[in-house]
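Remarks on the overall topology
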Amino acid sequence: MFRTALRNVLAHKARLLMTVLAVMLGVAFVSGTLVFTDTLGNAFRNQSAKSYDNVAVAVTSYADGDDKQNPGISEKTVDRIAALDGAADASGRVSGFAGVADRDGKLIGNGWANTGVNFAPGKDGKDERYDFTEGSGPTRSGQIALDEDSAAKGGYKVGDPVRVSTNGPVKEYRLAGIFTTEDGAVSAGGSLVLFETSAAQKLYLQPGFFSEVTVMAAPGASDTGLLDEVEQLLPSDGTAEARTGAELADEQAKQIENGMANMNQGMLAFAAIALFVGIFLISNTFTMLVAQRTKELALLRAVGASRRQVTRSVLIEATVVGAIAAAVGFVLGLALAVGLRSLMGSFDMKIPDGPLIVAPTTLLAAFAVGVLITVLAAWLPARRAAKIPPVAAMSSVHAVASTKSLVVRNSIGAFFTLLGAAGIVAGAAAGSDGRMMLGAGAFLALVGVIVLIPLLSRPVIALVRPLLLGLFGVSGKLAGQNAVRNPRRTGATASALAIGLTLVTGLSVLGVTVGRAVDKMTTDNIKADYMITMANGTDLDQSALTALQKAPGATAVSPQQASWLDLDGGGLSTSGVIPGDFEEVIALETVSGSLDTLADGRIAVAEKTAESRGWKVGDTVKVTFDDEKKGELTVGAVFTDNEFVSPVVASTEVLNAHENKPYIPQIFVKTAGGASEKNEQALVDALGANPAISVMNRQDIRDEFGGMINMMLNILYGLLAMALVIAVLGVVNTLAMSVFERQQEIGMLRAIGLDRRRVKRMIRLEAVVISVFGALVGVGLGSFLGWAVGQSLKSSIPGYSLVIPWDRIGLFLLLAALVGVLAALWPARSAARLNVLTAIKSE
């Protein structure tokens, strides 16, 4: 039976090609993901370990940087650590944000990873973390050094002036050197600037203090012994912590491993979807092969093969096919991993150098997935093959599904569909608390619809058969009949497309709906022409607010200052604004009172907060400010809750009297004549052409809030593309095998006058009908799921209103039809080229 199985694989290699492709793609996705994440994790672990190679002990300060008395670790403490018997050297570090402008004044790097740090040379005058390719490290406050990539992007050479921004105004420095480094900031797509130590301390902390200290051990000294000595020199108030370099390296390795695990799970989830879709293709292939080999299997039974042996024969074929597909898929997965690594580099995400990691578990997983998925999908066809009575098979009477089996199948499908639909509706009605129920309902509904698809195919396709007949004549009529001739086969083929389009449509409905709500929220609430933020997401300096207030054309300027007040014993987030200007830049609907009272030192409170606290206009509330001083504030207005404003609004004058340094994440600006190039340039100039500050117009603001949604949708579309490709292969496979199965019938049609052109059209129309049917099922179920998930999120998305993206749905259906046409190219050509006499004589 083993030799028989191998012979059958070789005899039907053309018909098994699509199965091999489907499994191969799924295995490639799995193995590529595992190799990519293993390679990435290994590279980052090695980079992390390398950064701690010569570090025996590292000290981190948790002190408040704004504390004038104790902002960090003093230089005196660093000197005392360096003087310990077990220490060879100790160097202090201080770091923060540093944005470098290119020749056009634009920020180099992604913003959030742009970093500045002090250059800390040892006794030999070198800082081991950096290898200089040109020049040297900065030795004066007016000098800097740049990482090699940033210098290349900016077109800078040693000696050039470079404009650098920290959290304050932009300054110009002289470039003293260019270096290479394994620093994570550069790997993440940012830039790295080295400052002279005293200059860095002034920028990021206070003169004479560091936020970190690294200690190298003397020859023969143990790290743990040195750790004990260092701990005795640290403050006893817990504002600093010392740990060995090995501990920190292990901790970072675990963090990297956890990060890679999350990426791994996400990508493997989409690989699982692709493999799930592939199951339908594989099952369909073996079902059709078994049907086409009915006489052969009956002959085996007649000469003594048992049912178990027949089943085993089919499963051996599946194992061989799965093993071949897994081997090819594994090699393709290696190429995919290399491609993903290069792709990350094209997005300015520099991956540390390192070998391609192919773990034994990855190899085992690839072959296990390939073989198990193929065998699992072939199991039911194998059982059916074993149940064919030898006499019925020898007389070419193909076993058809009994009425009982169809009733059982449809009953099970209806039960799962109704149960799933009930779970989806109940989960949607329960809001955020019903998401688990919704997920379970979605799974059951999807399973139920897949089981019911053969039943659904007849009435749905019957609706379009008159259209096919009217437009395409005999070819259309035959295509409609062929599409429902074997409902199970049509259902299995359409299911693959339906699953893919269910997910794509659901994501589209949800994404477009949420995107529209976010867009509406932005346009309805923001009256300002511009929003000013830091590119790295940190707070703006007070000097930026002053500069904008003096900018030509600026008619209203107000910060969105983030503060925290303890009001009547309960803490509340508070927005600090400039009265008068604030009303011009943010649309705030007043329920009672007046926002004009903000200028009198009163506060405005959101309606829901006022109701929960029992406050109304005129009430006096006790307050504890940021500096722990106490007082009283009066409620001057109650406003409708607004997503862009904290529950409490107060004048900046009231808040700044109790804060050392105001935290300003955004500044809103209204200009004379609205947004224009002239007004935007005036704001840029007022800010000193600072590369680290973003000046966004209303469209930029909308893109800022809605762009992430579109980006996530595009990523998900890309990951789901593999499942759709496999679904297309399923259509090709079904049609090709169907043509082979119907050779005699096609020969008869040719003999009675159906020419090659109309034969091709018949096959193409059959493919289009099956593809569009699957797409309709997927679009319908996907829209339903998109609505349900949206309902569960409704309470957390202000202004939520369901939006059906008819344009995208129309495009999906059009693409499904195109898929049908393309999938039918080879089968239609094969059918049209059949020799009439040979086809008529075939069995």
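Here goes a summary of the coordinates provided. (Residues numbered from 1 in each chain as written. Predicted model: local features only at pLDDT ≥ 70, side-chain atom pairs only at ≥ 80, totals over all residues. Heavy atoms only, no water.)

A few points about the overall build of the chain
The number of helices and strands found in the chain is 26 helices and 25 strands. Along the three orthogonal principal directions, the C-alpha set of the chain runs to about 100 × 75 × 50 Å. Looking at the chain as a whole, 50% of its 843 residues qualify as buried. (Helix = DSSP H or I, 4+ residues; strand = E, 2+ residues; numbered from the N terminus. Buried < 20%, exposed > 50% of the residue type's maximum accessible area, 1.4 Å probe, protein only.)

Things to note about the sheet that holds strand β15 (residues 240–244)
Within the open sheet, the four strands sit side by side as β3-β14-β1-β15. Their pairing is antiparallel. Among the strands making up the open sheet, the edge pair consists of β3 (87–93) and β15. Each strand of the sheet is rotated relative to its neighbour by a mean of 15°, with strand direction disregarded. Judged from the four bridges that link them, strand β1 (residues 57–61) and strand β14 (residues 212–217) form a sheet pairing that is antiparallel. (Pairing = 2+ DSSP bridges. Axes fitted to C-alpha atoms, helices over the stretch in contact; angles between N-to-C directions.)

Let's talk about the environment of F668
Structurally, F668 is set in strand β24 (residues 666–671). Spatially, the C-alpha atom of F668 lies 51 Å from that of V447, the residues being 221 residues apart in sequence.

Some words on the pattern of salt bridges
Inspection of the entire model under this criterion finds six salt bridges. Measuring nitrogen to oxygen at the nearest pair gives 2.8 Å for the salt bridge that ties D127 to R93. Here R93 lies in strand β3 and D127 lies in the loop between β7 (115–119) and β8 (131–135), a separation of 34 residues in the sequence. Take R93: its relative accessible area is 7%, and that puts it in the buried class. In this structure, a network of salt bridges that share partners links the residues R93, D127 and R129. (Salt bridge = Lys/Arg side-chain N within 4 Å of Asp/Glu carboxyl O.)

A short note on unusual backbone geometry
Even without glycine at this site, D568 takes up a positive phi of about 55°. Examined against the element boundaries, D568 turns out to sit in the loop between β17 (554–567) and β18 (570–577). Overall, the relative accessible area of 41% leaves D568 in the partly exposed class. At A689, a position not held by glycine, the phi torsion is positive, near 50°. Residue position: A689 is located in the loop between α20 (677–686) and β25 (693–697).

Some words on the packing of helix α23 (residues 756–793) against helix α24 (residues 806–823)
Any two packed helices are characterised by how steeply their axes cross, that is the angle between the axes, and by the distance between the axes. Running from N to C, α23 and α24 point in directions that differ by 150°, and their axes come no closer than 7 Å. For the element pair α23 / α24, the angle class is roughly antiparallel. Classified by chirality, the crossing of α24 by α23 is right-handed. Side by side, α23 and α24 meet where R764, A767, V768, S771, V772, A775, L776, V779 and S783 of the first sit next to I809, L813, A816, A817, V819, G820 and V821 of the second. Along the lines of polarity and charge, the residues of the contact of α23 with α24 split into twelve nonpolar, three polar and one charged. (Parallel < 35°, antiparallel > 145°, perpendicular 65-115°, else oblique. Left-handed = near helix turned anticlockwise from the far one by under 90°. Contact = heavy atoms within 4.5 Å. Nonpolar A, V, L, I, M, F, W, Y, C, P; charged D, E, K, R; others polar.)

What to know about a nonpolar patch on the surface
Among the surface-exposed residues, L811, L814, L815, L818, V821, L822 and L825 lie close enough to one another that they form a single nonpolar patch of about 630 Å² accessible area. Of all the elements, α24 adds the most residues to the nonpolar patch, at six residues. Its place among the elements puts V821 in helix α24. (Patch = residues over 30% accessible without salt bridge, like charges linked within 9 Å, V, L, I, M, F, W, Y side chains within 5 Å. Areas by Shrake-Rupley, 256 points an atom, 1.4 Å probe, with all protein chains shown as cover.)

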